[in-house]
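For reference, the chains in residue letters:
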Amino acid sequence: MECPIGPAELQKLKAFISLCQMTPQLLNLPQLDFLKSFIVSLGGKVPEGQPDFGGMGAKSTESSSASAEAKTTPKEEEEPKVVESDPESDLELDNEGCVEPDTEPDQPMGDASKEPSEEEFDQANDLRSQAAAAYSEQKYDEAVKLFTEAIQLNPKSALYYAKRGQAYLKLQKPNACIRDCNRALEINPDSATAYKFRGRANRLLGHWEEAAKDLRQACKLDFDEEADEWLKEVTPNAKKIEQHKQKQERRKQEREFRERQERVRKAQEANRKAAEEGPAGGMGGMPDFGGAGADLFNAFRDPEVSAAMSDIFSNPANISKYQNNPKIMNILMKFYSQAEKGGVPGFPGTGGAGGGFPGFPGFGGGAGGFPGFGGPGGADPGAGGAGAGAGAGAGSGGARVDDLD
C-alpha cells in the first residue's frame, strides 16, 4: 500500500514527532487534543501538565494554583441565602364552621367479594328503611348501626355507604364520612350522593379545594340545591388558595431565575479572575514567553489560527490550503524566522549551532528550504542552499513571503 503522504509532508511530520518526543507535555495543549486522544486510544499515555518551557514551569504552576483558587473562591464566598417569609402568611381564609379531625375507628366495610342472596338483599333493604327513619328522627348513632348491618348483608350497594357517611356528618365525624364515600365511589364512580357528602366532609375539615372539586362534580352528575349551596360556600376560600398557589409558583420561578443568573454571574467572575491571574500572553494557561515568542503564542489565541494549526497538525498536507491566507502564512514565517535566529524562545531544543531548529530539517542556515514551500529548495527538505531560489539556504537568507503567494 502506497503512503498517502508525500516525502516533504512526511519530513514535517517526523520533525513534529521529534519535538513531541523532547517535550511530550506539548500534547496537553488544547490545539493538540485530537492527537492526544488518538495516542490514548492506542493505549499510549501522555504525561500530565503543561510543557516546561525553559524555567517557566514555576509560573505555570502558580497560574494553575491561582485558577484552582479562583474556581473554589465563589463557593467559599457564597452569600447566605435569604430566608423568605412564610408563604402562608399572606393567605387569609374564613375557617368558620370547621371541626377537629375525628378519630372514629373504621366501621365494617363488608366483604367486597360477597354476592348477596335474594333474601339478604331484601333484609338489607328493610334495614336501610329503618336507618332512614332513625336518621329523620335525628337518631344518628342508631342510623349508623342500622346502615352497618345493611352493608354486611349487601356490601355491593354504593348508596348504603354514602348514606352511612351522611349520618357520620351529623355526628361531626368527617373522616369517617370520607372513608365511606371513598368506598361508595369505588363501587359506583358516578355516585353524585357520595361526591356530595364527601365534599361536605372536606369542607368541615377545611379542605377547601377538595370540597369545591367534589361538590362541583356532584352538581354536574345530579344537580342538587343543597350541594349547590355548599359549593357556593366553599368557593371563595378555594379561589383564594388557587390564587395563592399561582402566586407561590410565580415566586418560585422568579427565585429560580435569579439563582440561575447568580450562578452564571459567579461562573463568569471566576473565569475572569482566572484569566487575570493566569500567565499573560499565553493560551489556556501557557507561560509568558516574552518578545517574539509571545507574538507567536498570542497568535494562537485567534480561533482561525488555532483551527488552521490543528488542521495542519492533523495532516501536514493540509498546509497547502493556507498558502493564500496571509494571516496563517505570516505566523508560519514568524515561526520559521525565530528558528533561523536561534530557536523559538521557551522551546527547549529549538536553538543550536548555526541557528538551526533541531528536529525540523530545513530550518537551519544552509540546511535547506522551508519544507513544502517555494521551488526546489523547499520541495525537498535539506535540498536547498545558497542561491536555491525559494529554499531558505544560507545564501538566500530564508524563504520570501512573495514566494508563497
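From a predicted model like this one, the values you see are computed outputs, not experimental measurements.

### Topic: the side chain of R203
For R203, the location among the structural elements is in helix α8 (residues 192–204). Judged by its relative accessible area of 5%, R203 falls in the buried class. At a separation of 2.7 Å, a polar atom in the side chain of R203 contacts the main-chain carbonyl oxygen of E96. Those residues in contact with R203 that lie beyond four places of it in its chain are E96, G97, C98, W208, A211, E233 and V234.

### Overview of the pattern of salt bridges
The full count for this structure, using the stated rule, is 18 salt bridges. Between E262 and R265 there is a salt bridge, with its nearest N and O atoms 2.5 Å apart. Of this pair, E262 and R265 both sit in helix α10 (residues 225–277), 3 residues apart, roughly one helical turn.

### Quick notes on the environment of L127
With respect to the element layout, L127 can be found in helix α4 (residues 118–136). Put simply, L127 and F147 are 20 residues apart on the chain and 6.8 Å apart in space, counted from C-alpha to C-alpha. Excluding anything up to four places from it in sequence, L127 contacts L146, E149, A150 and L153.

### Digging into the side chain of D214
Locating D214 in the fold gives a position in helix α9 (residues 208–221). For D214, a relative accessible area of 5% translates into the label buried. A polar contact of 3.3 Å, which involves the side chain of D214, links it to the side chain of N202. In this structure D214 touches Y195, R198, G199 and N202, once residues within four positions along its chain are discounted.

### Some words on the confidence of the model for the protein
Counting all residues, the mean pLDDT for the protein is 73, and 66% of those residues have values of 70 or more. Counting contacts from residues 53–87, a segment whose pLDDT is below 50, to residues more than four positions away or on other chains yields 31 contacts. Overall, residues 279–290 carries pLDDT values under 50, and its contacts beyond four positions in sequence, including any with other chains, amount to 35 contacts.

### Considerations on α4
The end-to-end C-alpha distance of α4 is 28 Å, a good match for the 27 Å that 19 residues give at a rise of 1.5 Å each. The set of residues buried in α4 consists of A124, L127, A131, A134 and Y135. All buried residues of α4 project into a common sector of 95° when viewed along the axis, lining one side. Of the exposed residues in α4, those oriented more than 90 degrees away from the buried face are E118, E119 and S136. Looking at the packing, one finds that the buried side of α4 touches α5 (140–153) and α6 (158–170). Q138, located one to two residues past α4, shows a positive phi value of around 65°.

The rules we used
- Residues numbered from 1 in each chain as written.
- Predicted model: local features only at pLDDT ≥ 70, side-chain atom pairs only at ≥ 80, totals over all residues.
- Heavy atoms only, no water.
- Helix = DSSP H or I, 4+ residues; strand = E, 2+ residues; numbered from the N terminus.
- Buried < 20%, exposed > 50% of the residue type's maximum accessible area, 1.4 Å probe, protein only.
- Polar contact = N/O pair within 3.5 Å; in protein donor to acceptor, adjacent residues only side chain to side chain.
- Contact = heavy atoms within 4.5 Å.
- Salt bridge = Lys/Arg side-chain N within 4 Å of Asp/Glu carboxyl O.
- pLDDT = per-residue confidence, 0-100.
- Expected span 1.5 Å × (residues − 1).
- Arc of directions from axis to C-beta.

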